[in-house]
Amino acid sequence: MSHEHAPPAPPAPPAAVDRREVRPAGIGGLLVPSMRPKATVALLAILLAATVVLFGAVVLGLLFIPGARAAAVPVLAAALVAHPVVMLLTLHLGLRRAGSGWRDVGLRRPTARMLHLLWQIPSIFVLLLVVQGAAVAITGAPAGRGDAVDTLFGGTSTVQIVAAFVGVALLTPLWEEVVFRGLVHGGMRRRLGPLPASLISAAIFAACHGVPILLPYMLLLGLSLAYLREFHRTLWAPVCMHVVLNTAATAVTLAAVSG
């Protein structure tokens with residue numbers, strides 16, 4: 001009696017390998033960037049290059065294109081909006097290419113803990129004013145008469161003022177926080193811990209703004225924003241602080257010009 005044997009089943013195909021880096025669960029409740037250091041450095045280099053190209057093109061155009069200086073105000077207002085838009089778009093594409101995302105760099109959903117900003121923002125604001133006042137008093141640096149501000153904003157239209165306000169007060173804080181408190185602070189935090197990451201990211205943040213008399217202010221601001229990121233475990237907290245400061249500075253500038 002013959003027994004028929006079923007043919008052996010074909011071997012199962014190998015499971016697909018996900019070549020993306022495994023995203024960490026986080027340290028102390030904070031998500032940290034899943035991007036490799038080389039990818040982070042490359043993205044930061046692209047952002048720097050985009051900034052140099054954009055503002056370099058604006059400056060060279062105003063200097064060498066005949067009649068361009070007559071349109072300096074609308075061109076600069078447009079640049080103040082275009083630059084943060086370019087930064088945010090570059091960040092979005094760079095994060096996607098690296099298999100990461102906005103949430104991975106710290107833009108997590110806010111919680112009721114954000115109510116602490118009601119006392120944190122005023123406290124930090126007063127501390128920043130005291131530190132900057134002390135720096136001016138110690139160095140004897142002049143406060144300035146605002147001639148450059150008058151030159152930039154004098155005679156601007158309402159549309160141009162609104163455009164500059166949106167770019168400086170709303171969009172710039174968002175991309176700067178993603179870069180300095182998200183990529184830079186978050187990446188260093190994963191390897192060095194919160195305190196060294198806060199100090200280094202604050203120093204880089206201050207240096208990138210490049211105004212010597214403002215270095216104490218910017219350094220303290222960088223540390224304060226890093227503290228808010230650690231305390232609230234989301235980038236939305238330092239974004240809110242940054243928006244308040246930029247809004248106040250822009251409002252004071254425009255009030256000085258209009259007055």
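Up top you'll find the structure we're talking about.
Conventions used here
Within each chain, residues carry numbers counting from 1 in the order of the written sequence. The predicted origin of the model limits local features to residues at a pLDDT of at least 70 and limits the giving and counting of side-chain atom pairs to 80 or more, whereas totals for whole chains, interfaces and linings rest on all residues. Computation of side-chain values covers all heavy atoms of the structure but excludes hydrogens and water. By definition, a salt bridge exists where a carboxyl oxygen of Asp or Glu is found within 4 Å of a side-chain nitrogen of Lys or Arg. The helix and strand labels rest on DSSP assignments: H or I over at least four residues marks a helix, E over at least two residues marks a strand, and numbering proceeds from the N terminus. For every residue, the accessible area (1.4 Å probe, protein chains only) is compared with the maximum for its type, and the residue is labelled buried under 20%, exposed over 50%, or partly exposed between those bounds. The axes are straight lines fitted to the C-alpha atoms, using for helices just the contacting stretch, and the angles between their N-to-C directions are given from 0 to 180°. In these notes the angle categories are as follows: under 35 degrees is roughly parallel, over 145 is roughly antiparallel, 65 to 115 is roughly perpendicular, and the rest is oblique. The sense of a crossing depends on the near helix, which, turned anticlockwise from the far helix by less than a right angle, makes the crossing left-handed and, turned clockwise, makes it right-handed. By the convention used here, residues are in contact when the closest approach between their heavy atoms is within 4.5 Å. Nonpolar cores were defined as sets of buried Ala, Val, Leu, Ile, Met, Phe, Trp, Tyr and Cys residues, with membership established by side-chain atoms within 4.5 Å. Here the nonpolar group is Ala, Val, Leu, Ile, Met, Phe, Trp, Tyr, Cys and Pro; Asp, Glu, Lys and Arg are the charged ones; every other residue, Gly included, is treated as polar. Each patch is built from residues that are more than 30% exposed by relative accessible area and take part in no salt bridge. Like charges join if they lie within 9 Å; nonpolar side chains (Val, Leu, Ile, Met, Phe, Trp, Tyr) join within 5 Å. Using a 1.4 Å probe, accessible areas were evaluated by the Shrake-Rupley method; residue-level cover was limited to the displayed protein chains. For this analysis, a ring pair means two rings from Phe, Tyr or Trp (six-membered ring only for Trp) whose centres lie within 6.5 Å, classed as stacked if their planes differ by under 30 degrees, edge-to-face if by over 60, and tilted for the remaining angles. The criterion for a charge sitting over a ring is simple: Lys NZ or Arg CZ within 6 Å of the ring centre, and within 35 degrees of the ring normal. Multiplying 1.5 Å by the residue count of a helix minus one yields the expected span of that helix. To obtain the bend at a residue, axes are fitted to the seven residues ending there and to the seven starting there, and the angle between these axes is taken.

**So, the pattern of salt bridges**
1) Next: The tally for this structure, following the rule as stated, stands at two salt bridges.
2) Next: Between Arg-181 and Glu-177 there is a salt bridge, with the nearest N and O atoms lying 2.7 Å from each other. Of this pair, Arg-181 and Glu-177 both sit in helix H5 (residues 158-192), four residues apart, which is roughly one turn of that helix.
3) Next: Here Arg-181 falls in the buried class, since its relative accessible area comes to 0%.
4) Next: Glu-177 gets classed as buried once you look at its relative accessible area, which sits at 0%.
5) Next: Of the charged contacts, one joins Arg-189 and Glu-230 as a salt bridge, the two residues approaching to 2.6 Å between their closest N and O atoms. Highlighted residues: Arg-189 in helix H5 and Glu-230 in helix H7 (residues 215-232), separated in sequence by 41 residues.

**Examining the packing of helix H2 (residues 72-97) against H5**
1) Next: Running from N to C, H2 and H5 point in directions that differ by 30°, and their axes come no closer than 9 Å. When the axis of H2 is compared with that of H5, the two are roughly parallel. The handedness of the crossing between H2 and H5 comes out as left-handed. Here Val-73, Pro-74, Ala-77, Leu-80, Val-81, His-83, Pro-84, Val-85, Met-87, Leu-88, Leu-91 and Leu-95 of H2 lie close against H5, whose contacting residues are Gln-160, Ala-163, Ala-164, Gly-167, Val-168, Leu-171, Thr-172, Leu-174, Trp-175, Val-178, Val-179 and Leu-183.

**Describing the nonpolar core**
1) Next: Counting residues in each nonpolar core, the largest one holds 31 residues, and the members touching the most others are Leu-91, Leu-128, Leu-183, Leu-221 and Met-241.
2) Next: Elements that contribute at least two residues to this core include exactly helix H1 (37-64), H2, helix H3 (117-139), H5, helix H6 (194-209), H7 and helix H8 (236-258).
3) Next: Sequence-distant contacts of Met-241, defined by excluding residues within four places in its chain, comprise Ile-121, Ile-124, Phe-125, Leu-225 and Leu-228.
4) Next: By size, the runner-up hydrophobic cluster in this structure holds six residues, among which are Val-58, Leu-62, Ala-68 and Ala-79.

**Some words on the packing of H5 against H6**
1) Next: Close contact between H5 and H6 brings their axes to 8 Å; oriented N to C, the two are set at 145°. Of the two possible hands of crossing, H5 and H6 adopt the one that is right-handed. Together, Glu-176, Phe-180, Arg-181, Val-184, His-185, Met-188, Arg-189 and Leu-192 of H5 and Pro-194, Pro-196, Ala-197, Ser-198, Ile-200, Ser-201, Ile-204, Phe-205, Cys-208 and His-209 of H6 make up the contact between the two elements.
2) Next: When its residues are assigned to classes, the contact of H5 with H6 shows eleven nonpolar, four polar and three charged.

**Description of a nonpolar patch on the surface**
1) Next: Together, Leu-192, Leu-195, Leu-199, Ile-200 and Ile-204 make up an exposed nonpolar region whose accessible area comes to about 440 Å².
2) Next: Examining the composition of the nonpolar patch, we find that four residues originate from one element, H6, more than from any other.
3) Next: Summarising the element assignment, Ile-200 is placed in helix H6.
4) Next: Using a relative accessible area of 33% as the deciding quantity, one classes Ile-200 as partly exposed.

**Topic: the packing of aromatic side chains**
1) Next: Scanning the model with the defined rule gives two aromatic pairs in all.
2) Next: Measuring from centroid to centroid gives 5.1 Å for Phe-180 and Phe-205, while their planes differ by 80°, and the two rings are edge-to-face. Taken together, the residues span a long stretch of sequence, with Phe-180 in helix H5 and Phe-205 in helix H6 at a distance of 25 residues. When sorted by exposure, Phe-180 lands in the same class as Phe-205, which is buried.
3) Next: One residue, Arg-181, lies across the ring of Phe-205, its end atom 4.4 Å from the ring centre.

**Quick notes on H1**
1) Next: With 28 residues, H1 should cover 40 Å at 1.5 Å per step; its first-to-last C-alpha distance of 40 Å lies within 8% of that length.
2) Next: If you check which residues of H1 are buried, you get Thr-40, Leu-43, Leu-47, Leu-54, Val-58, Gly-61 and Leu-62.

**Comments concerning unusual backbone geometry**
1) Next: For Arg-233, which is not glycine, the phi dihedral falls at a positive 60°.
2) Next: Judged by relative accessible area, which is 42%, Arg-233 ranks as partly exposed.

**Brief notes about H5**
1) Next: Taking 1.5 Å as the rise per residue, H5 with 35 residues should run 51 Å; its terminal C-alpha atoms sit 47 Å apart, in good agreement.
2) Next: Leu-171 marks where H5 bends most, by close to 40°; the proline Pro-173 follows one to four residues later.
3) Next: Phi turns positive, to about 105°, at Gly-193, one or two residues after H5.

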